[in-house]
Amino acid sequence: MKKQRFSLLAALLLSVLTASARERMNFDAGWRFLLADSAAMAKTDYDDSHWRRLDLPHDWAIEGDFSAGNPSGAGGGALPGGVGWYRKSLPLPSSFRQGDRLLLEFDGVYMNSTVYVNGQEVGFRPYGYSSFEYDITPFVKKGRNVVAVRVDNSDQPNSRWYSGCGIYRHVWLTTVDAVHVAHWGAHVTTSVAKGKGKVDIEVNLEGTASVDQRPVIEHTLVAPDGKTVGHGRGVRSVISLAKPRLWSCDDPYLYKVRTQVKVGGRVVDEVETSTGFRTFEFNAESGFWLNGVNMKLNGVCEHHDFGCLGAALHEDALRRKLVKLKAMGVNAIRSSHNPPAPELLDMCDSMGLIVMDESFDMWRRRKTQNDYARFFDEWHERDLSDLVLRDRNHPSILMWSIGNEVLEQWSSAEADTLTLEQANLILNAGHDASTLAKEGELSVQSLLTQHLAEIVRRYDTSRPVTAGCNEPSPGNHLFKSGAIDIIGFNYHHQWAKDVPQHFPGKPFIFSESVSALQTRGYYMMPSDSVYKAPVQWWLPYTDPTFMCSAYDNMHASWSSTHEEMWHVVKHTPYCGGQFIWTGFDYIGEPTPYGFPARSSYFGIIDLAGFPKDVYYMYQSEWTSDKPVLHLFPHWNWLPGQTVDLWCYYNQADEVELFVNGKSMGTRRKSEQATAPLTTEFHVGWRVQFQPGEVKAVSRRNGQVVAEQTIRTAGAPHHIRLAVDYAGRDLCFVNAEVVDKDGNLCPWAEDQLFFTTEGGAKVIATDNGCPTSMERFTSPRRKAFFGRCMAVVRGNGTLKAQGYHLGAAEIHTMYSGAE
């Protein structure tokens, strides 16, 4: 009995000594919200019982109606802004003890957020993309406390794309001991030399212990299987590992550093930091290297919205995006043009996606009337410092970007008097030599570039600094500063051949590229004609269809087709890669159109998540795990109409096309291709439409590799549902209008109505149409070229109906994927 008591006491003592005082809890649930404004809303005794109850993250703008009168304009998505308030009761956590600190952390609030606790202002943060934390200990009391957050996005336009409105990322409440690791205070850096790994750890502590009890800091390096593989000790520590497994795009192997702070033998704080071992180099002659392998950055630029779900962070929507991009062959993401959600970086770490982490779209010179330029002088150092401090431990991040197409590239470039649409266009219009830096001059703009790069290097010297520049001349004030490690061109692929001469010894990438214009399902023929829209930035562009061609034959005046750009990147050894504008369509910036267009045409994947045809061109070039054969367009045309058929393929020598069983000839991809509609990256045929079917057969050494058949669809007959992606909380379901034989009806525009049974609820719908005026939160949606999509929360049954169409239903079950 005594032995049992001793064992119990020993176990209790051990649990007390090893228990961490840090308790971090999600603070998203149970907020009250009202789209209105009054100073009284900050007060503790304010009656908010009539306010809407919701869980964060939340974007109120996505719930509104599209209107030409909304001050955001079509460039900002034509959705409403305004001022909104959030309130929530805060009982002190049960773990809170005398001397503890209570920390309230926001991952992102757009924008101009003011936080109050019990009626007292705690802090203000204007930049809508920065994460921030407040120590609210001095403001709380025993019993009930009230947190109130005022969010002001009324001064519009302030963004060149859709920003969203509200507390659109997660909120966290953390209790820590008086002695604890500071916010973002653990810095972990890895290196590999001659097969041996080294982990450098530096910790910043806050708080003080008694004189006779100095804090002890211990570190443990843990492999993914839970095994301890190294130990360290102290504020600065080094852990060696004999044969680390390297992090790569194909094998994103992650370790954890567990840091414990002990006082008097008791664990008072513990934090875990994910890390990975990798070597990388941007070489001025041979491009990009990862772990000794020469490769291209096959990247895309991504804004932060999730289409019909708006800017509110949904992990399932984010992972769905990345899964689709990864399947295309994407290996890199640029967080355009602002600090990303922390979850994006976590997923890139675990999925093997390289990141360019970007800070600002403007510096002192504004691009829109009320943008961040008005806060830049006061806030840039804090915002940029916080970005680096927050993100520097992520192994996926391989470069920092201090700006995108900032007007400080030139001596004089004002966009203040232009409309938002004109400002977007003039950025890439070109500027005369008088606006460039003079020889031997170090301008204010160059000094500012040095200053921003110095801020980054103050907190991280392990990664290069770049910027997205659409002035390719070496007279660009940013390049002239000498502070840019990697020359980043936005577009201007014609200048790539001169990079070694203009920037000797400097690595080079396309920080932004392509800007092709496409509407899924719409085709402009002849397909070997290339259309620019607009032809020049100052000329208006109109087309009553408000559509762009889904062949790769249409682009903006400053840009190129996908194939033209990929040819340059692929065949330029010193080019490290590119970041295509964009992976997904996004809300806002509907170049080349204005309202009623309210979302972009740039994406390789449309706003609803349906891939456009060019998706398969990249898949054929960037992947090798399975054969690709993609024939397009559909086979529903006017009798006798001349139709251009394209085909992307890989793992084969040739493709043969059959129309109703008759061969139309065999084609091979080639740089020197002489066959009509055939290039280095696709093959094509010009044929007369005959109802029936077209069939593509790819062969290698005479053996069939893959086949694809497209049949002429009859009249719309019924709806077909299929789960596109099932996550932990959300299920994305695709709906197609098909004929009686199950063939997609490519011209169908039927109105579909979604209902649910059981615990399921439709929270959003979309169809990828940039001009649809239907509310995103509506459970009804017109088919767009035969397709639309519904987002469902909760387990249950989704039913889709339409006039004169057979209904369909499907069970929404989640995968449980993390």
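Our structure is the block above this text.
Draft legend 1. Geometry of the overall build of the protein chain. Of regular secondary structure, the protein chain possesses ten helices and 45 strands. Relative to a compact globule of 818 residues, whose C-alpha radius of gyration would be 28 Å, the protein chain shows 28 Å and is just as compact. Each principal axis of the C-alpha atoms in the protein chain carries an extent, and together these give about 90 × 65 × 65 Å. Counting all 818 residues of the protein chain, 61% fall into the buried class. Contacts in the protein chain between residues far apart in sequence, at least 24 positions, make up 70% of those at least 6 positions apart. Carbon and sulfur atoms make up 51% of the accessible area of the protein chain, which amounts to about 31,400 Å² in all. Each charge sign in the protein chain was given a centre, from 82 positive and 94 negative side chains, and these centres are 6 Å apart.

Draft legend 2. Summary view of the pattern of salt bridges. Tallied over the entire structure, the rule returns 51 salt bridges. Measuring nitrogen to oxygen at the nearest pair gives 2.9 Å for the salt bridge that ties Glu358 to Arg334. One end of the pair, Glu358, is in strand 23 (residues 354-358); the other, Arg334, is in strand 22 (residues 332-335), with 24 residues separating them in the sequence. For the pair shown, Glu358 and Arg334 are each scored as buried. Salt-bridge contacts for Arg520 lead to Asp606; the nearest nitrogen and oxygen are separated by 2.6 Å.

Draft legend 3. Layout of the nonpolar core. By size, the foremost hydrophobic cluster in this structure holds 186 residues, and its most contacted members are Tyr86, Ile136, Leu309 and Trp635. Sort the elements by how many residues they give to this core and helix 4 (residues 373-391) lands first, with seven residues. Residues Ile719, Val792, Leu805 and Ala808 belong to the second largest nonpolar core, which totals 23 residues.

Draft legend 4. Structural context of a nonpolar patch on the surface. On the surface, a nonpolar cluster with roughly 310 Å² of combined accessible area is contributed by Val535, Trp538 and Leu539. Within the secondary structure, Leu539 sits in the loop between strand 28 (531-532) and strand 29 (554-555). For Leu539, a relative accessible area of 38% puts it in the partly exposed group.

Draft legend 5. Up close: the sheet that holds strand 2 (residues 31-34). Strand order in this open sheet of six strands is 3-2-4-9-6-7, and the pairing throughout is antiparallel. If you trace the sheet from one side to the other, it starts and ends with strand 3 (52-54) and strand 7 (120-125), each paired once. Each neighbouring strand pair of the sheet contributes to a mean axis angle of 25°, computed without reference to strand direction. Pairing of strand 2 with strand 4 (residues 82-91) involves three bridges; the strand directions are antiparallel. Residue pairing in the sheet places Leu34 in a bridge with Trp85 of strand 4.

Draft legend 6. Here's a closer look at the packing of helix 4 against helix 6 (residues 444-459). For the pair helix 4 and helix 6, the least separation of the axes is 8 Å and the interaxial angle reads 35°. Crossing angle aside, the handedness with which helix 4 passes helix 6 is right-handed. In this structure, helix 4 contributes Phe376, His380, Glu381, Leu384, Ser385, Val388 and Leu389 to the contact, and helix 6 contributes Leu448, His451, Leu452, Ile455, Val456, Arg458 and Tyr459. Its residues assigned to classes, the contact of helix 4 with helix 6 shows nine nonpolar, three polar and two charged.

Draft legend 7. Examining unusual backbone geometry more closely. Residue Pro526 is bonded to the preceding Met525 through a cis peptide linkage, with omega at 5°. Tracing the chain through its elements places Pro526 in the loop between strand 27 (508-514) and strand 28. Here the amide bond leading from Trp581 into Thr582 is cis, since omega sits at -5°, within 30 degrees of zero. Following the sequence through the fold, Thr582 ends up in the loop between strand 30 (575-581) and helix 10 (614-622). For Val514, which is not a glycine, the phi torsion comes out positive at approximately 75°. Mapped onto the elements of the fold, Val514 is located in strand 27. Overall, Val514 belongs to the buried group, its relative accessible area being 0%.

Draft legend 8. Just the packing of aromatic side chains, in detail. Evaluation of the coordinates by the stated rule reveals 47 aromatic pairs. With a centroid separation of 4.9 Å and an interplanar angle of 65°, the aromatic rings of Trp635 and Phe689 are classed as edge-to-face. Of this pair, Trp635 sits in the loop between strand 31 (629-632) and strand 32 (642-649) while Phe689 sits in the loop between strand 35 (683-688) and strand 36 (693-700), and the two are 54 residues apart along the sequence. One exposure class covers both Trp635 and Phe689, and it is buried. Site record: aromatic cluster; members linked through ring pairs are Tyr110, Tyr127, Tyr129, Phe360, Tyr372 and Phe376. Lying over the aromatic face of Phe27, Lys88 brings its terminal NZ or CZ to 3.7 Å of the ring centre.

Draft legend 9. Main features of the pairing of strand 45 (residues 805-812). Where strand 44 (residues 796-802) lies against strand 45, six bridges are found, and the strand directions are antiparallel. Considered in strand 45, the bridge of Ala800 is made with Ala808. Between the end of strand 44 and the start of strand 45, which pair antiparallel, lie two residues, with His804 showing a positive phi angle near 60°.

Draft legend 10. Here's a closer look at the state of the cysteines. With the rule as written, the count across this model stands at zero disulfides. Cys575 carries a free sulfur, and the closest cysteine sulfur to it, the one in Cys301, is 13 Å from it. For Cys575, a relative accessible area of 1% gives the class buried.

Draft legend 11. Looking closely at the sheet that holds strand 23. The eight strands are arranged 25-24-23-22-21-30-27-26 in an open sheet whose pairing can be described as parallel. Edge positions in the open sheet fall to strand 25 (465-468) and strand 26 (487-490), since each of these has one partner strand only. The sheet shows a mean angle of 25° between the axes of neighbouring strands, direction not considered. Inspection of the sheet shows strand 23 paired to strand 24 (residues 397-404) by four bridges, in the parallel sense. Along strand 24, the bridge assignment pairs Asp357 with Trp400. Against the sheet, helix 10 touches strand 21 (297-302), strand 27 and strand 30, its axis set at about 160° to strand 30.

Cut-offs applied
Each chain has its residues counted from 1, running along the sequence as written. This being a predicted model, a pLDDT of at least 70 is required before a residue's local features are given, and a value of 80 or more before pairs of side-chain atoms are given or counted; all residues contribute to the totals for chains, interfaces and linings. With hydrogens and water set aside, each side-chain value is computed from the structure's full complement of heavy atoms. Helix numbering and strand numbering both begin at the N terminus, where a helix is a DSSP run of H or I of at least 4 residues and a strand a DSSP run of E of at least 2. Two things to know: the radius of gyration comes from C-alpha atoms, and the globule rule equals 2.2 Å times the number of residues to the power 0.38. Remark: exposure states derive from per-residue accessible area (1.4 Å probe, protein chains only) relative to the maximum for the residue type, with buried under 20%, exposed over 50%, and partly exposed in between. Contacts between residues were defined by any pair of non-hydrogen atoms, one from each residue, lying within 4.5 Å. Methods summary: accessible areas were calculated by the Shrake-Rupley approach with a probe of 1.4 Å, and residue burial reflects only the protein chains presented. Only four residue types enter the tally: Lys and Arg on the positive side, Asp and Glu on the negative side; His and the chain ends are excluded. The location of each charge is read from NZ of Lys, CZ of Arg, CG of Asp or CD of Glu. Salt bridge, as used here, is a side-chain nitrogen of Lys or Arg placed within 4 Å of a carboxyl oxygen of Asp or Glu. Nine residue types can take part in a nonpolar core, namely buried Ala, Val, Leu, Ile, Met, Phe, Trp, Tyr and Cys, and a core is a set of them joined through side-chain atoms within 4.5 Å. Candidates for patches are residues over 30% relative accessible area with no salt bridge; among them, like charges are joined within 9 Å and nonpolar side chains (Val, Leu, Ile, Met, Phe, Trp, Tyr) within 5 Å. For two strands to count as paired, DSSP must find a minimum of two bridges between them. Lines are fitted to the C-alpha atoms to define the axes, a helix being fitted only along its stretch in contact, and any angle between axes, read from their N-to-C directions, falls within 0 to 180 degrees. Handedness of a helix crossing follows the sense of rotation of the near helix relative to the far helix, less than a right angle counterclockwise being left-handed and clockwise being right-handed. Residues were grouped as follows: Ala, Val, Leu, Ile, Met, Phe, Trp, Tyr, Cys and Pro as nonpolar; Asp, Glu, Lys and Arg as charged; and all remaining residues, including Gly, as polar. Here is the rule: rings of Phe, Tyr and Trp (six-membered ring for Trp) pair when centre to centre is within 6.5 Å. Planes less than 30 degrees apart are stacked, more than 60 are edge-to-face, and the remainder are tilted. Two conditions define a charge sitting above a ring: the NZ of Lys or the CZ of Arg must be within 6 Å of the ring centre, and it must be within 35 degrees of the ring normal. Note that a disulfide, as used here, is simply two cysteine sulfur atoms within 2.5 Å.

Geometric descriptors of this kind do not, in isolation, establish any biological role.
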